[in-house]
Every structure is written in structure tokens, then in C-alpha cells.
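If you want the building blocks of each chain, they are given just below.
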Amino acid sequence: MDLQKSKQQISSYIIDTQEEEIKRIAHELHEGVGQNLYSILTGLQFVESGTKEPQMKNYLHEMTILIEKTIQEIRLLSVELHPPALTTLGLLPAVKSYSKLYTSTFGILVDLESFGVEKPIPEKRRIAVFRVCQEAFMNIAKYADSSNIKVNFIWKEEELTITIRDFGSGFEPESLNLQHTSGLSAMKERMLHTGGRCTISSKIGEGTLIELSLPLNVE
Amino acid sequence: MTELRELPAIIEVCEKLKTAAACEFVGLALQNETGPDVRWHYASGNLNDKYKRITVRFGKGIAGKIISSGSKMMISDFPNQIFGKVTDYPIMLAEKLISSYAVPLFFNYVPKGVLLVGNRESHVFSEEVQQMVDDSALVLEQLLKEQIFR
């Protein structure tokens, strides 16, 4: 029993350290590299506006577009690593914001609805649930062959339930490859660390339902 | 931007290429007139309309890498031997493509578009097919210069 508890603590420590590092890199990308590139962009735009020679003006314009693309990609990378909304606004806004990015990346529509009154969740648990949702979304893009996802947040006094349903090909647990099985196990494990649980049900041809529940009254 | 799906000359080039190259999918991605976004504007042989909602990420996946580098790219057995993650290749996932060959479209010497042909099985595109795609890209560049990037 003690050994298992110790293993869980080590596992939690590793996850927390990784999350801290991810958050730091995301912040550096956004506030450091991103801001510097933005300064370069405004400088280039200033030079472009003062240049009369058409060929040089055109070249400078292409350079500004390239910098704009790079800034956009840096911002997306930073948001993908650690969405700022997760720290500032909470789990639901972070998942909503991620859903928009997900649709523009994979073309899969996300229909997200929230029922009940949103409640505050401690940051570590918020991050854990967000990561599980992210993993579920990624699995749908990789394996589900579905054009839309239905996500429900159901807030109750003592528990948050999140359901993520796709309408794709579904699967039989026995037929999964190692990578897919590991991904699903990691989702379950991560929810267990938060004191919650994750159940996955799927049927060939009918899609997959992932249900996450998180107790809200745990300190 | 004028909807490319409504331009018969563009459609004709893509459809001809699809038949001549005997491939299952043809897609055309272009950078928007304003801003840096690159989107898939036309597809033939598509399984769904996901491509219409996908914005190509700069430097990621087959189209993003082509736009950022200006070089051609072939994938013959996706997801084996790819750079980066499977999820960096949204058009391959969305259309269940296993192989693809894609080339850049240049406007004013800058890569601003991608012409991609793909199959839903592993496949090495022959030099003859690669030449067909290259030739079609040149025709599309000319047509798009006349109709859009004037």
C-alpha cells in the first residue's frame, strides 16, 4: 500500500514538474520570442512605409508577412503548450478556446455546452483535466474519422462531469495498438491522480464516449 | 478572395491532374490575400468538408512545410517516416491519406500556395506523375496570377 502511494507521489511530482516547465516555455515563447518578433515587425513596417523603390518595398512587404506568420505560429505553439486562459479564466474558457484552435487545425467541429454554474478548480487539477480533454480531442483527430464532437460540461454542487462524444468509427478495446492503449491508460491514470475518474466506451460504427468526473469539494 | 471552387479553369486543371495521375485526392491551398493564413481552397476526391475549415499551420505538415521552405515534398507511407507528430499533418488525417506528393505555387518568387495529390494507400509517386503535378502547378500559378493575384 505504502509502495503504491509512494509511486503515485513520484508520478504526481514528475507530472507537476513537467507542467511547470511547459508553462515556463510557453510563457517565454509568448512574452519573450513573440514580443521581440513583434518589435521586428513594427520596425520593418516602418522601413517599408518610408521606402519608395518598388522592388525593395515589395521585398520588405514579403518579409513582414513572413514575420507575421512566425508570430502567429509562436503564439499558437505557446497556446498549445499552455493556454493562458487555463490560468487566468479557468477550465471551461480554456477548453472553449482550445476547441476553436482544434477546429481550425483539424477541420473537426466542436459543439460545446455547459450546464449548471461553473465552479473554481485548483490549478493542478484544472491542468490535469484540460490535458485529458486535449488527449481525447487528439485521439479523435488521429483515429475517429469523425467530422464533429459533442462536449458537455455538467456542473453539480459536488462534481463536474465532462462528456466528450465523437460520431466516428469507434473501436474494440482488444484491437487497439500499443500507442492508442497507452494514451487511453494515461488519461485514466491522470484522472485518478486528481481524485476523479475516466470511463471510455466505444462501439464500432457508432463512435466513442469519454466521461470524466471530477469531485469539486476536494482540497 | 474569389472562391476558387467557382473558377472553372482551376477546377479543370485539378480534375485533369486527378485523372492523369490516377490519384484519389487533389487539394489546392493558398495564402489569403490579406494576412498570413493559408487555407485549402479547393479539393477533389475529398471524403468530407474538413478541408474547408483547416487553416494550414506555417512550417507544419506537408503544406505548411512547403510554404515555409518552397520545396516539394513526398510522403509515401504515412505516418511512417514523417518529421514531427502525426497531428502535424491535418490534411492527411482528415482525408485518410497514406501517400501524397505536393509542390509549392510561387507568386512573385514567393511560395504562397500548395498543390497536393494523394492516395489512401502507400504509394511512391513516379517521376512521370511528379512531372504532371509540377506542370499543373505552373498552369495554376499562371491562372491564379491572372484571376486573383493581379
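Preceding this paragraph is the structure being described.
This write-up is about the structure you can find in this document.

Cut-offs applied
Residues numbered from 1 in each chain as written. Chains lettered and ligands numbered in written order. Predicted model: local features only at pLDDT ≥ 70, side-chain atom pairs only at ≥ 80, totals over all residues. Heavy atoms only, no water. Phe/Tyr/Trp six-rings, centres within 6.5 Å; stacked < 30°, edge-to-face > 60°. Buried < 20%, exposed > 50% of the residue type's maximum accessible area, 1.4 Å probe, protein only. Contact = heavy atoms within 4.5 Å. Buried area = accessible area lost by both parts, 1.4 Å probe. Salt bridge = Lys/Arg side-chain N within 4 Å of Asp/Glu carboxyl O. Polar contact = N/O pair within 3.5 Å; in protein donor to acceptor, adjacent residues only side chain to side chain. Helix = DSSP H or I, 4+ residues; strand = E, 2+ residues; numbered from the N terminus. Pairing = 2+ DSSP bridges.

With respect to the packing of aromatic side chains
Residues and elements named next belong to chain A. By the definition in use, this model includes eight aromatic pairs over all chains. Ring geometry for F153 against W155: centres 6.2 Å apart, planes inclined by 35°, an arrangement best described as tilted. Both residues of the pair, F153 and W155, count as buried. An aromatic cluster is built from Y98, Y102, F106, F130 and F137, whose rings are joined through pairwise contacts.

Some words on the interface of chain A and chain B
Chain A puts 26 residues into the contact, and the matching count from chain B is 21 residues. Between chain A and chain B lies a buried interface of about 2,100 Å² when both sides are counted; carbon and sulfur atoms form 53% of it. Considering only the surface of chain A that becomes buried against chain B, K69(A), E73(A) and F106(A) emerge as the three largest contributors, covering 26% of it. Here R57(B) ties to E73(A) by a salt bridge, and the two come within 2.9 Å at their closest N and O atoms. Our enumeration of links across chain A and chain B arrives at eight residue pairs in polar contact (both at pLDDT 80 or more). Secondary structure elements with two or more residues in the side of chain A that touches chain B: α2 (54–81), α4 (91–106) and α5 (123–144) of chain A.

A word on the pairing of strand β4 (residues 197–203) of chain A
Residue and element names in this part refer to chain A. Both β4 and strand β5 (residues 207–215) contribute to a ladder of seven bridges, which runs antiparallel. Bridge pairing in β5 places S202 opposite T208. Taking the residues that link successive antiparallel strands as the turn, the β4-β5 hairpin has three residues, and the phi of G205 there is positive, at about 85°.

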